[in-house]
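# A closer look at the structure
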Amino acid sequence: MKILQSSNRLQIALPIALLGAGLTISPLAARAAQQQQPAPPPHDMNHMQHNHGGFMQEGMHHAVAKGIKLEQRVDPATHTITVREGPLTLPAKTSHMKMPQPPDVFWTIPLDAFLLAYTPRLVDANGSAVPGIVLHHTAFWNTDRSDFLCPNKEEHIFGAGSELTNWMELPGYGYRVQTGDKIRIETMVHNPTGTSYDKVYLEVKIPYADSTASTKGVYPTWMDVQSCGDSGYDLKPGKNENIGTVTVKYNGILLGVGGHMHDYANQIVLEDATRKDTVATLDARLDDKGQLLSMPVVTFFDRGGYKFSAGDQLRITATYDNTSGKPLPSGAMGIVVGYFLPSDDSAMSALRRKPKPAAHQVAATHDM
């Protein structure tokens, strides 16, 4: 079965991650009361250096941005949660290596629910839009669950880059969360433009359905050219091709995929190497300067999904054409993100981790 760039390609970010892999589902008429969560102790951000140890940050050291807070607003009337991180100060012409970066912050899930979709945007203190190009990437990780393809990682539930693609809903499917789950938000910014931006906020709007809704639980599927290691890697000048593999451990179907790449991207290809079959080819759309504008999404649910079997080896190939004429340290990522529906959902319960001690939380969650 060969599925290439389906006509059902939607401009939604399964960063599809970022990632496309956020879970999407139709909004159901579900009521959930807003629950106030106690804020963990604030993090001491007076130190000058911060080590981003996450898989998206490659363990790089940066000056830490001060005064970063995470806020949330739950609207039971519209069944929407909005999380906001900031404020960020973004001086003009500053690379991600020199920019003070926000520390990881933690979002405490306020209710039992299915998360249905993700709409990211950047705004200033007045609510006016800020260009997405200043977002290097953001990634949401469920610290209470392991990734089903890479158990060494936390479960990566949402991600986005400068394209700020919306992860739209897939009717009947959603990502199950429980009250108290801790979502680690890892964000990196830069500002290649000639305009400085002050007091910038990352906002993500997330519709939800009640946990009792007739919704099927899906699992974020992050298939990385770096396999189960750090996602970022260096670009040399000119052509670049990187290949990674990961092994599927459960039977089930893939409902759709999208891609997450960076500037100078060409395409990313997902193959089932065991079957010698191409699952999807995702071509990057760039402007005339090589800056990434968007990545496509391909869905398979209208034809019953793309079947995966336990033991299938997946191959991810990412190609870039770095026309900048210089090496770009940590300048690339190559991720295919999708939604996986397991044949036996009970088998996935093994992915839940023991809660981490509160002392490990590094930032407070507040209500907006």
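Residues numbered from 1 in each chain as written. Predicted model: local features only at pLDDT ≥ 70, side-chain atom pairs only at ≥ 80, totals over all residues. Heavy atoms only, no water.

## Considering the layout of surface pockets
Roughly 750 Å³ of internal volume is contained in the largest pocket. Breaking the lining of the largest pocket down by element, the ones donating at least two residues are strand S8 (135–146), strand S21 (292–294) and strand S25 (328–332). No other element matches the four residues that S25 contributes to the lining of the largest pocket. Classifying every residue of the lining of the largest pocket gives eleven nonpolar, 13 polar and five charged. (1 Å grid on protein atoms, 1.4 Å probe; cavity = no way out; pocket = protein on both sides within 12 Å on 5 of 7 lines; lining within 4 Å. Points joined across faces, edges and corners; volume = space filled by probe spheres on them. Helix = DSSP H or I, 4+ residues; strand = E, 2+ residues; numbered from the N terminus. Nonpolar A, V, L, I, M, F, W, Y, C, P; charged D, E, K, R; others polar.)

## Notes on the environment of His79
If you trace the backbone, His79 turns up in the loop between strand S3 (69–75) and strand S4 (80–90). Residue His79 is classed as buried on the basis of its relative accessible area of 10%. Spatially, the C-alpha atoms of His79 and Pro207 are 5.7 Å apart, while their sequence positions differ by 128 residues. (Buried < 20%, exposed > 50% of the residue type's maximum accessible area, 1.4 Å probe, protein only.)

## Brief notes about unusual backbone geometry
Residue Gly86 is joined to Pro87 through a cis peptide bond whose omega torsion reads 0°. Secondary-structure assignment places Pro87 in strand S4. Non-glycine residue Ser330 carries a positive phi angle of around 50°. Mapped onto the elements of the fold, Ser330 is located in strand S25.

## Things to note about empty space enclosed by the protein
For the largest cavity, the calculated volume is near 80 Å³. Along the walls of the largest cavity sit eleven residues, with Trp141, Lys153, His156, Trp222 and Asp224 positioned nearest its centre. Elements with a contribution of two residues or more to the lining of the largest cavity: strand S9 (154–160) and strand S14 (219–224).

## Describing the nonpolar core
Counting 47 residues, the largest nonpolar core has Trp107, Leu115, Tyr118 and Phe140 as its most contacted members. At six residues, the largest contribution of residues to this core is made by strand S12 (residues 197–210). Counting residues in hydrophobic clusters, the runner-up holds 38 residues, among them Phe148, Phe308, Ala318 and Leu351. (Core = buried A, V, L, I, M, F, W, Y, C linked by side-chain atoms within 4.5 Å.)

## A few points about the sheet that holds S9
Strand order in the open sheet made by the four strands is S5-S11-S8-S9, with antiparallel pairing throughout. What marks the edges here is a single partner per strand, and that holds for strand S5 (105–108) and S9. Strand-to-strand twist across the sheet, computed as the mean angle between neighbouring axes with direction ignored, equals 25°. Here S8 pairs with S9 via six bridges, running antiparallel. Opposite Ala139, over in S9, you have Gly159 as the bridge partner. (Pairing = 2+ DSSP bridges. Axes fitted to C-alpha atoms, helices over the stretch in contact; angles between N-to-C directions.)

## With respect to the state of the cysteines
Under the defined criterion, the tally for this structure stands at one disulfide. With a sulfur-sulfur separation of 2.0 Å, Cys150 is cross-linked through a disulfide to Cys228. Note on the Cys150 and Cys228 pair: the S-S dihedral is about -75°, so by sign convention the disulfide is left-handed. Taken as a pair, Cys150 in the loop between S8 and S9 and Cys228 in the loop between S14 and strand S15 (233–235) lie far apart in primary sequence, 78 residues in all. On the accessibility criterion, Cys150 (2% relative accessible area) is buried. Residue classification places Cys228 among the partly exposed positions, given a relative accessible area of 24%. (Disulfide = S-S within 2.5 Å.)

## Focus: the pattern of salt bridges
Scanning the entire structure with this criterion turns up eleven salt bridges. With a shortest N-O distance of 3.2 Å, Asp181 and Arg352 are connected by a salt bridge. One end of the pair, Asp181, is in the loop between strand S10 (173–177) and strand S11 (182–189); the other, Arg352, is in the loop between strand S26 (335–342) and strand S27 (365–367), with 171 residues separating them in the sequence. Two residues, Asp272 and Arg275, come together in a salt bridge whose shortest N-O distance is 3.5 Å. (Salt bridge = Lys/Arg side-chain N within 4 Å of Asp/Glu carboxyl O.)

## Overview of the packing of aromatic side chains
All told, the structure shown has eleven aromatic pairs when counted by the stated rule. Consider the rings of Tyr118 and Trp167, whose centres lie 5.3 Å apart with planes at 80°: the pair is edge-to-face. One end of the pair, Tyr118, is in the loop between strand S6 (113–115) and strand S7 (119–123); the other, Trp167, is in the loop between S9 and S10, with 49 residues separating them in the sequence. Classification of Trp167 as buried rests on a relative accessible area of 1%. Sitting above the plane of the Tyr201 ring, Arg84 keeps its charged end 4.2 Å from the centroid. (Phe/Tyr/Trp six-rings, centres within 6.5 Å; stacked < 30°, edge-to-face > 60°. Lys NZ or Arg CZ within 6 Å of the ring centre and 35° of its normal.)

## Section: the sheet that holds strand S18 (residues 265–272)
Taken in spatial order, the four strands of this open sheet run S16-S24-S18-S19, and their pairing is antiparallel. Of all strands in the sheet, those bounded by a partner on one side alone are strand S16 (238–247) and strand S19 (277–283). Neighbour to neighbour, the strand axes of the sheet diverge by 15° on average, direction disregarded. Sheet topology places S16 next to strand S24 (residues 313–322); ten bridges connect them, and they run antiparallel. Of the residues in S24, the one forming a bridge with Lys239 is Asp321.

## Topic: the pairing of S19
Regular strands place their side chains on alternate faces of the sheet. Among the seven residues that make up S19, six are buried, leaving the element largely enclosed by the rest of the structure. Strand direction decides the pairing type here: S18 and S19, joined by six bridges, are antiparallel. Each bridged residue has a counterpart across the sheet, and for Ile268 the counterpart in S19 is Leu282.

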